[in-house]
Amino acid sequence: SYDAGFTLDVEVVGSYVYLASGTGGLKIIDVTDPNLPQLVSVFDVQVQVDNLYVKGNYVYMTDVNNLRIVDVSNPANPIEVASYPTEYCNDVHVDGSYAYVSDTDAKVHIIDVTDPTNVNYQQMSFNSGEIRFMTNTKTLREFAAYDVNSSFPSPSSVGGISNQNLDRKSTRLN
């Protein structure tokens, strides 16, 4: 066993364990030999790290005011490559090119992390059961639609938008 101290979240990828260690920051532990875990590094952000998600060479972690993206390609030398300000973050999940960050105000922030070193907020609006996503892009994007009335956490797919490069046009799913 390893005395990790106060820990709020844990992710295991390969032979590394990533810990959201509250005010202890991000801890990276090598568990190549599970009987002899070794602390590789600590990335301190001076605030409480609540949750994290590991994808590829990046750790996406939340603290009270930010989504922080840390390059861990060299686990001995983690480097913050981007951050996005939000208030009262409490969880993060990354799927495809987007990070989904929840906060204590019952909001979900959708952040485009296609390039983890240059993140962008995915604009959206919700009105009368209809969600609209807005994006300013010159590259091909894929959008999909789901029926939110189907059973959670497995919503039913109702279709997609065939031409993602809409350039100031509106497309509606029927």
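Above: the structure in question.
Quick look at the structure, then. (Residues numbered from 1 in each chain as written. Predicted model: local features only at pLDDT ≥ 70, side-chain atom pairs only at ≥ 80, totals over all residues. Heavy atoms only, no water.)

### A word on the overall build of the chain
Next, step 1: On a plain count of helices and strands, the chain comes out with zero helices and 16 strands.
Next, step 2: Of the contacts made within the chain by residues no fewer than 6 positions apart, 31% connect residues no fewer than 24 positions apart. (Helix = DSSP H or I, 4+ residues; strand = E, 2+ residues; numbered from the N terminus. Contact = heavy atoms within 4.5 Å.)

### Things to note about the packing of aromatic side chains
Next, step 1: Summed over all chains, the structure comprises one aromatic pair.
Next, step 2: When the centroid spacing of 6.5 Å and the interplanar angle of 45° are considered together, the rings of tyrosine 16 and tyrosine 18 count as tilted.
Next, step 3: With a relative accessible area of 23%, tyrosine 16 lands in the partly exposed category.
Next, step 4: A relative accessible area of 5% means that tyrosine 18 is categorised as buried. (Phe/Tyr/Trp six-rings, centres within 6.5 Å; stacked < 30°, edge-to-face > 60°. Buried < 20%, exposed > 50% of the residue type's maximum accessible area, 1.4 Å probe, protein only.)

### Concerning the sheet that holds strand β3 (residues 26-30)
Next, step 1: Read across the sheet, four strands follow the order β1-β2-β3-β4 without closing on themselves; strand pairing throughout is antiparallel. Taken across any chain shown, the strands that pair with only one partner, and hence form the sheet edges, are β1 (9-13) and β4 (38-43). Taken pair by pair, the neighbouring strands of this sheet meet at an average axis angle of 20°, ignoring direction.
Next, step 2: Alignment of β1 against strand β2 (residues 16-20), held across five bridges, turns out to be antiparallel. Looking at the pairing, valine 12 lines up with valine 17 of β2. (Pairing = 2+ DSSP bridges. Axes fitted to C-alpha atoms, helices over the stretch in contact; angles between N-to-C directions.)

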